[in-house]
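This is what each chain is made of:
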Amino acid sequence: MQNKKNKESKYGLLIAALITAAAVFAIMTYFQRQALADFEKREIYVAVSDIPKGVVITEENASQYIAVKSVDAGCVPESALSDYRTLSGMSPEYDIDKGTLLTTGMFSDSDDVLAVMTSPVLAGFKTEDLAKAVSGCLRAGDRIDIYSADPETGEEILLCQDVYVECGYDSSGNAVNGESPAVMFNVYLERDDASAFYGGLRNGYMYVVKRI
């Protein structure tokens, strides 16, 4: 009788040990999975160049500013940008540095710049093409008026008004933000204004005025 009780006690201890071992194994497996999850990779969008405040993101210029990068999944916030196409027509709320992981909260509607235009086109000019320019203080998101002056009479003609500056670039073609001077600019114009705009560039007597 005593032997039977001893055997039952041993079996009970063995079963308890097995249950304990199984529980420990399950807990270790859980924490191992959690640890491995931190090293899992996830593809997200990052800024591959500085994105100045006010730049309108379009299908045409998105690759200039945005690219996919693989990072640790544990570093990715819930608001991380999952599809760059959702940014079309939007612009940064502030200057975004190169290498920044992009989130949806960094961007907002760009004051419906393109939405209110009938047939928008993107035009560019260099400060050296102008008779006068405010190159040192123009930035993405600024509004300018563009004038042309008759080279013979000096008569001034307003070619385009309330023009949106899409981006400014330095002499190497890099997008400018902060205090760096810009010498090249892209602006949004109505298609019907493009001919007069480039006509003004050709005569060499075009200048721009920044709206304050």
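Quick caveat: nothing in here was measured; it's all calculated off a predicted structure.

Draft legend 1. Region of interest: the pattern of salt bridges. A complete count under the given rule lists five salt bridges for this structure. Across the pair R211 and D145 runs a salt bridge whose closest N-O atoms are separated by 3.0 Å. Placement of R211 in the segment after β9 (206–210) and of D145 in strand β6 (residues 143–149) is noted, with a sequence separation of 66 residues between them. Its relative accessible area of 38% is what places R211 among the partly exposed residues. Taken together, the shared-partner salt bridges in this structure form one network comprising R143, D145, D162 and R211.

Draft legend 2. Main features of the packing of aromatic side chains. Taken as a whole, this structure holds six aromatic pairs when the rule is applied. Among the aromatic residues, ring-to-ring pairing joins F125, F185, F197 and Y198 into one connected group.

Draft legend 3. Region of interest: the environment of D192. With respect to the secondary-structure elements, D192 resides in helix α3 (residues 191–203). Along the primary structure D192 and S119 are separated by 73 residues, whereas in three dimensions their C-alpha atoms are 8.0 Å apart.

Draft legend 4. Examining unusual backbone geometry more closely. Of note, the phi angle at D162 is positive, near 55°, even though the residue is not glycine. With respect to the helices and strands, D162 occurs in strand β7 (residues 156–169). Residue D162 is classed as partly exposed on the basis of its relative accessible area of 36%.

Draft legend 5. Structural context of the side chain of D142. Residue position: D142 is located in the loop between β5 (120–126) and β6. D142 gets classed as buried once you look at its relative accessible area, which sits at 15%.

Draft legend 6. Layout of the pairing of β5. Because side chains alternate across β5, one face comprises the buried residues V121, A123 and F125, and the other comprises P120, L122, G124 and K126, none of which is buried. Examined bridge by bridge, β5 and strand β8 (residues 184–190) share seven bridges and lie antiparallel to one another. Note that in β8 the partner of L122 across the bridge is Y188.

Draft legend 7. Structural context of α3. Within the sequence span of α3, burial applies to A194, F197, G200 and L201. End-on, the buried residues of α3 take up no more than an arc of 130°, which puts them together on one face. Pointing more than 90 degrees away from the buried face of α3 are the exposed residues D192, S195 and R202.

Draft legend 8. Up close: the pairing of β8. Note that β7 and β8 share five bridges and pair antiparallel. By the bridge assignment, V165 is partnered in β8 with V187.

Draft legend 9. Structural detail: the nonpolar core. Counting residues in each nonpolar core, the largest one holds 21 residues, and the members touching the most others are F125, I144, I146, V187, L189 and F197. Those elements that place two or more of their residues in this core are β5, β6, β7, β8, α3 and β9. With four residues, β7 is the largest single contributor of residues to this core. Sequence-distant contacts of F197, that is, excluding residues within four places in its chain, are made with A123, G124, F125, I146, L159, L189 and M206. Y65, M90, C167 and A175 belong to the second largest nonpolar core, which has 19 residues in total.

Draft legend 10. The confidence of the model for the protein, seen in detail. For the protein, mean pLDDT is 78; residues scoring 70 or higher make up 77% of the total. For the protein, the element scoring lowest by mean pLDDT is helix α1 (residues 2–37), at 61; β8 scores highest, at 90.

Draft legend 11. Spatial organisation of the sheet that holds β7. The sheet built from five strands is open, its strands ordered β5-β8-β7-β6-β9 with antiparallel pairing. Only two strands of the sheet have a single neighbouring strand rather than two, namely β5 and β9. Direction aside, neighbouring strands of the sheet carry axes that sit 40° apart on average. As defined by bridge partners, β6 adjoins β7 across six bridges and the pair is classed as antiparallel.

About the criteria used
- Residues numbered from 1 in each chain as written.
- Predicted model: local features only at pLDDT ≥ 70, side-chain atom pairs only at ≥ 80, totals over all residues.
- Heavy atoms only, no water.
- Salt bridge = Lys/Arg side-chain N within 4 Å of Asp/Glu carboxyl O.
- Helix = DSSP H or I, 4+ residues; strand = E, 2+ residues; numbered from the N terminus.
- Buried < 20%, exposed > 50% of the residue type's maximum accessible area, 1.4 Å probe, protein only.
- Phe/Tyr/Trp six-rings, centres within 6.5 Å; stacked < 30°, edge-to-face > 60°.
- Pairing = 2+ DSSP bridges.
- Arc of directions from axis to C-beta.
- Core = buried A, V, L, I, M, F, W, Y, C linked by side-chain atoms within 4.5 Å.
- Contact = heavy atoms within 4.5 Å.
- pLDDT = per-residue confidence, 0-100.
- Axes fitted to C-alpha atoms, helices over the stretch in contact; angles between N-to-C directions.

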